[in-house]
Amino acid sequence: MLNDKFYVSDKLEERTVELGDGTTEVLHFRHLSNVDFERYALWTNSADEDVLARAHSRLLVLGLSDPDGKPAVTIEQAERIKRPIMQRLITHLLEVNGYGKAAPKAEAGNG
């Protein structure tokens, strides 16, 4: 049986996100499964323009949560988020999940 370190954490990661007007919001991000990222890869490589255009929004719906773990946005809401803010949100979500410069707190040191 594999050690718990092999599995995606259920713990939410809290991040402070700067909005376009200089204010900040504390948001909560989920650790996503490999299946979620495989779906995201399929979406971002789709020949269907609508699937491709919604890839970031769909990933954000999976990864942005209320503090209690419920989804924080619907797909319709995610599609309306301002572009610079969406880019920041996706950056945080990817970092929490081990992509980019910041290692996730729940995973750090569990190499």
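In this text, all values refer to a predicted model and were calculated from it rather than measured experimentally.

A. Spotlight on the overall build of the protein chain. Secondary structure summary: the protein chain contains five helices and three strands in total. When its helices and strands are written in sequence order, the protein chain yields β-β-α-α-α-β-α-α. The C-alpha atoms of the protein chain give 14 Å as radius of gyration, which agrees with the globular expectation for 111 residues (13 Å, within 12%). For the protein chain, buried positions account for 29% of its 111 residues. In the protein chain, the proportion of contacts linking residues at least 24 apart, taken out of those at least 6 apart, comes to 52%. Approximately 7400 Å² of the protein chain is accessible, and the part contributed by carbon and sulfur atoms is 50%. Charge separation in the protein chain, taken as the distance between the mean sites of 14 positive and 18 negative side-chain charges, equals 2 Å.

B. Region of interest: the nonpolar core. Counting 18 residues, the largest nonpolar core has Phe29, Tyr40, Leu59, Leu60 and Leu89 as its most contacted members. Put simply, the parts of the chain that give this core at least two residues each are helix H1 (34–44), helix H3 (55–63) and helix H5 (83–96). No other element matches H5, which puts six residues into this core. Among residues more than four places away in sequence, those in contact with Leu60 are Ala78, Ile81, Met86, Leu89, Ile90 and Leu93.

C. Molecular detail of the pattern of salt bridges. Following the criterion strictly, the structure yields four salt bridges and no others. Where Glu79 meets Arg54, a salt bridge forms, and the shortest distance between an N and an O atom there is 2.7 Å. Placement of Glu79 in helix H4 (residues 75–79) and of Arg54 in the loop between helix H2 (49–53) and H3 is noted, with a sequence separation of 25 residues between them. By relative accessible area, which is 36% here, Arg54 ends up partly exposed. Salt-bridge contacts for Asp68 lead to Lys70; the nearest nitrogen and oxygen are separated by 4.0 Å.

D. Inspection of the environment of Asn34 at higher detail. One can find Asn34 in helix H1. With 55 residues separating them along the chain, Asn34 and Leu89 place their C-alpha atoms 19 Å apart.

E. Main features of the packing of aromatic side chains. Per the stated rule, a full pass over the model turns up one aromatic pair. When the centroid spacing of 5.0 Å and the interplanar angle of 50 degrees are considered together, the rings of Phe37 and Tyr99 count as tilted. Residue Phe37 is found in helix H1, and its partner Tyr99 is found in the segment after H5; the two are separated by 62 residues along the sequence. Among the residues examined, Phe37 registers a relative accessible area of 11% and is labelled buried.

About the criteria used
Residues numbered from 1 in each chain as written. Predicted model: local features only at pLDDT ≥ 70, side-chain atom pairs only at ≥ 80, totals over all residues. Heavy atoms only, no water. Helix = DSSP H or I, 4+ residues; strand = E, 2+ residues; numbered from the N terminus. Rg over C-alpha atoms; globule rule 2.2 N^0.38 Å. Buried < 20%, exposed > 50% of the residue type's maximum accessible area, 1.4 Å probe, protein only. Contact = heavy atoms within 4.5 Å. Areas by Shrake-Rupley, 256 points an atom, 1.4 Å probe, with all protein chains shown as cover. Lys, Arg positive; Asp, Glu negative; His and termini not counted. Charge placed at Lys NZ, Arg CZ, Asp CG, Glu CD. Core = buried A, V, L, I, M, F, W, Y, C linked by side-chain atoms within 4.5 Å. Salt bridge = Lys/Arg side-chain N within 4 Å of Asp/Glu carboxyl O. Phe/Tyr/Trp six-rings, centres within 6.5 Å; stacked < 30°, edge-to-face > 60°.

These figures capture arrangement, not role.
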